[in-house]
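Breakdown of the fold
Here's the letter readout for the chains.
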Amino acid sequence: MVSGDAPQAEGSVRVDVWIWSVRLTKTRAQAAAACRAGHVKVGGERAKPAQAVRVGDEVRLRHAGRDRVVVVSKIVKKRVGPPVAVECFVDNSPPPPPREIAIQVPVRDRGAGRPTKRDRREMERLQGHPQGHPPGR
């Protein structure tokens, strides 16, 4: 076998490469961006993209609105297929929220027009924004 094609039992690899290789993100660029944004932790510490990951390390990843907690069981340096990728980590992630809870979009009656200032403040209060101020304002 060529080195890097199959799972290996020893050594280390960059955390962004490993996350991409085991299909936790679609692209390596997304994995590196998640590391730079602080959404990846190895052993409880924020990880830079080039940080080494070894067998037994716990990797926490926040991606696509979901927290993933995985323990590295095999090191891979190149992207592998889904059946092989599942063997490379132990998934300790909490179950994803039900679809009904995850997608809660406020619905207005058709033809009701634009919300008034009072309506807008009421919606912001229901969404949990303090003092009626959403983030970014």
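Within an unreviewed UniProt entry, the label attached to the chain reads RNA-binding S4 domain-containing protein, and the organism entered is Streptomyces griseus subsp. griseus.

The helix and strand inventory of the chain stands at 5 helices and 7 strands. Helices and strands appear in the chain in the N-to-C order β-α-α-β-β-β-β-β-α-β-α-α. Residues counted as buried form 28% of the 137 residues belonging to the chain. A fraction of 47% describes how many contacts in the chain between residues 6 or more apart in sequence connect residues 24 or more apart. In the structure as shown, the chain presents an accessible area of about 9600 Å², 52% of it carried by carbon and sulfur atoms.

For the rest of this paragraph, the subject is the sheet that holds strand β6 (residues 66-72). Read from one edge of the open sheet, 5 strands run β3-β2-β5-β6-β7, paired in antiparallel fashion. Two strands lie at the open edges of the sheet, namely β3 (45-46) and β7 (89-91), each paired on one side alone. The pairing of strand β2 (residues 40-42) with strand β5 (residues 58-63) spans 3 bridges and is antiparallel. Each residue of the ladder has a partner; that of Val42, found in β5, is Val59.

Direction of pairing for β5 relative to β6: antiparallel, over a ladder of 6 bridges. Directly across from His63, in β6, lies its bridge partner Arg66. Hairpin connection from β5 to β6: 2 residues lie between these consecutive antiparallel strands, with Ala64 at a positive phi of about 55°.

This part covers the pattern of salt bridges. Taken as a whole and assessed by the stated rule, the structure comprises 8 salt bridges. Between Asp91 and Arg68 there is a salt bridge whose closest N-O contact spans 3.0 Å. One end of the pair, Asp91, is in strand β7; the other, Arg68, is in strand β6, and 23 residues separate them in sequence. Arg68 gets classed as buried once you look at its relative accessible area, which sits at 18%. A salt bridge links Lys74 to Glu87; the shortest N-O distance between them is 3.9 Å. Here the residue Lys74 occupies a position in the loop between β6 and α3 (82-86), and Glu87 occupies one in the loop between α3 and β7, the gap between them amounting to 13 residues.

Calculation criteria
Residues numbered from 1 in each chain as written. Predicted model: local features only at pLDDT ≥ 70, side-chain atom pairs only at ≥ 80, totals over all residues. Heavy atoms only, no water. Helix = DSSP H or I, 4+ residues; strand = E, 2+ residues; numbered from the N terminus. Buried < 20%, exposed > 50% of the residue type's maximum accessible area, 1.4 Å probe, protein only. Contact = heavy atoms within 4.5 Å. Areas by Shrake-Rupley, 256 points an atom, 1.4 Å probe, with all protein chains shown as cover. Pairing = 2+ DSSP bridges. Salt bridge = Lys/Arg side-chain N within 4 Å of Asp/Glu carboxyl O.

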